[in-house]
Amino acid sequence: MVSGTTAGSSNEGSLTTPLIVAIDGPAGAGKSTVARALAQRFGLLNLESGAMYRAFALKAIRARIATGDAVALETLAQETDVRLEPGEMGNRVLLDGADVTEQLRSPGVTAAASEVSVHPAVRRWLVGLQQALGAQGNVVMEGRDIGTAVFPHAPVKIFLDASPEKRGERRYEQNRSTAVPTEMPAKVLEEIRARDRRDRTRADSPLKPAPDAVLIDSTDLTLEEVIERAAALVEQKIGIGK
Ligand code: C5P
């Protein structure tokens, strides 16, 4: 997308300067769905930063490198190419040129992504790639540190949260409706709590709202309500809000 234009007939907004929308929050808060809706509505590139951590985790698993081995992971990162190809239905993810999108949602890759993401060298590398992607302008990027570390100057920052129970429930339902191997609801909740803990307590760019982020708690909201609130924030920024 080029600054000053909108793409597709569903767009309501008209962008005059490149826009970056940062959406952060814990697993299962609904970030991907909201990001996709905003991308469609405002003609933004939709970039899922978590998919990059997942692709790298897949590579580490294949290389039989332990997720705690910081040195080996740093070397592996130097030999790895991760690319996102944004599309209507989400991102395709290329790992060293091969499309690995369908392999990134298994419980093993999910856990490993959370574990490799604590290492500063891994974060530095992926944050650099994410910033380069954002330089295209007019993007919505979701993750854990987008508003705090990747795009600290993003004009729109949203921190999307919900109770762990609600997030576990949603993730379970989501997994059931896709090809992801199904785990019991209690197990899904346990994994969500473990990932939350790791994301919130890691030393390097932990998950937390940026000081200027708008918090949306989706626990008692419908998806449509969350999308409308998020869209209103974008509209305010691009000057078509009330
Ligand atoms: O968002 P998603 O669940 O796909 O992310 C997978 C993992 O990657 C998360 O559990 C988190 O630990 C890590 N991640 C991160 N920073 C981001 C995006 C994801 O640390 N910006």
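Residues numbered from 1 in each chain as written. Predicted model: local features only at pLDDT ≥ 70, side-chain atom pairs only at ≥ 80, totals over all residues. Heavy atoms only, no water.

Peer 1: Tell me what's going on with the packing of helix α1 (residues 31-42) against helix α9 (residues 223-238), and back it up with residues and numbers.
Peer 2: Put simply, α1 and α9 touch, their axes get as near as 10 Å, and they point 45° apart. Classified by the angle between their axes, α1 and α9 sit oblique to one another. As α1 runs across α9, the sense of the crossing is right-handed. Taken together, the residues of α9 that come into contact with α1 (itself represented by Thr33, Val34, Ala37, Leu38, Arg41 and Phe42) are Leu223, Val226, Ile227, Glu228, Ala230, Ala231, Val234, Glu235 and Ile238. When its residues are assigned to classes, the contact of α1 with α9 shows 11 nonpolar, 1 polar and 3 charged. (Axes fitted to C-alpha atoms, helices over the stretch in contact; angles between N-to-C directions. Helix = DSSP H or I, 4+ residues; strand = E, 2+ residues; numbered from the N terminus. Parallel < 35°, antiparallel > 145°, perpendicular 65-115°, else oblique. Left-handed = near helix turned anticlockwise from the far one by under 90°. Contact = heavy atoms within 4.5 Å. Nonpolar A, V, L, I, M, F, W, Y, C, P; charged D, E, K, R; others polar.)

Peer 1: Which residues make up the sheet that holds strand β8 (residues 214-217), and what are the values?
Peer 2: Spatial ordering of the open sheet is given by β2-β6-β1-β7-β8, a layout of 5 strands whose pairing is parallel. Strands at the two margins of the open sheet, each flanked by one partner only, are β2 (45-48) and β8. Across the sheet, the mean angle separating the axes of adjacent strands is 20° when strand polarity is ignored. Helix-sheet contacts for helix α5 (residues 120-134) involve β1 (20-24), β2 and β6 (139-143), and the interaxial angle to β6 is about 160°. (Pairing = 2+ DSSP bridges.)

Peer 1: Give a detailed account of the pairing of β2, specifying residues and quantitative values.
Peer 2: Residues of β2 alternate between two faces, with Leu45 and Leu47 on one and Asn46 and Glu48 on the opposite face, all of them buried. As paired elements, β2 and β6 share 4 bridges and run parallel to each other. Following the sheet pairing, Asn46 is matched in β6 by Val140. (Buried < 20%, exposed > 50% of the residue type's maximum accessible area, 1.4 Å probe, protein only.)

Peer 1: Please give an account of the side chain of Asp196 that cites residues and values.
Peer 2: Following the sequence through the fold, Asp196 ends up in helix α8 (residues 185-201). A polar atom in the side chain of Asp196 sits 2.5 Å from the side chain of Arg167. Leaving out residues up to four positions away in the same chain, Asp196 has contacts with Pro26, Ala27 and Arg167. (Polar contact = N/O pair within 3.5 Å; in protein donor to acceptor, adjacent residues only side chain to side chain.)

Peer 1: Report on the packing of aromatic side chains, specifying residues and quantitative values.
Peer 2: Counting across every chain of the model gives 1 aromatic pair. Consider the rings of Phe56 and Trp125, whose centres lie 5.1 Å apart with planes at 70°: the pair is edge-to-face. One end of the pair, Phe56, is in helix α2 (residues 49-62); the other, Trp125, is in helix α5, with 69 residues separating them in the sequence. Of the two residues, Phe56 and Trp125, both sit in the buried class. (Phe/Tyr/Trp six-rings, centres within 6.5 Å; stacked < 30°, edge-to-face > 60°.)

Peer 1: An account of the site of the ligand is requested, with residue identities and associated values reported.
Peer 2: Around the ligand, the structure places 16 residues, and the nearest of them are Arg54, Arg123, Asp145, Arg195 and Asp199. Between the ligand and Ser49 there is a distance of 3.0 Å, counted from a nitrogen atom to a side-chain nitrogen or oxygen. With respect to the ligand, the side chain of Asp199 contributes an N or O atom lying 2.6 Å from an oxygen atom. About the coverage of the ligand: the protein hides 96% of its 450 Å² of free accessible area. Sort the elements by how many residues they give to the shell around the ligand and α2 lands first, with 4 residues. Looking at the shell around the ligand residue by residue, the class counts come to 3 nonpolar, 5 polar and 8 charged. (Near = heavy atom within 4 Å. Areas by Shrake-Rupley, 256 points an atom, 1.4 Å probe, with all protein chains shown as cover.)

Peer 1: Tell me about the nonpolar core, and please be specific about residues and values.
Peer 2: Formed by 37 residues in total, the largest nonpolar core has its most connected members in Phe56 and Val93. Broken down by element, the residue count for this core peaks at 8 residues, all from α2. Once you skip the residues sitting within four places of it in the chain, Val93 turns out to touch Ala51, Ala55, Val82, Arg83, Leu84, Ala98, Asp99, Val100, Thr101 and Leu104. Grouped together as the second largest cluster of nonpolar side chains are 24 residues, Ala29, Leu44, Ile216 and Val226 included. (Core = buried A, V, L, I, M, F, W, Y, C linked by side-chain atoms within 4.5 Å.)

Peer 1: Explain the sheet that holds strand β4 (residues 90-95) to me, using residue names and the numbers behind them.
Peer 2: Spatial strand order, β3-β4-β5: 3 strands in an open sheet with antiparallel pairing. Lying at the two open borders of the sheet, with one neighbouring strand each, are β3 (82-87) and β5 (98-99). Bridge count for β3 against β4 is 6 bridges, and the pairing is antiparallel. The partner of Val82 across the bridge, within β4, is Leu95. On the sheet, α2 packs against β3 and β4 and is oriented at approximately 35° with respect to β4.

The values are spatial; any link to function lies outside them.
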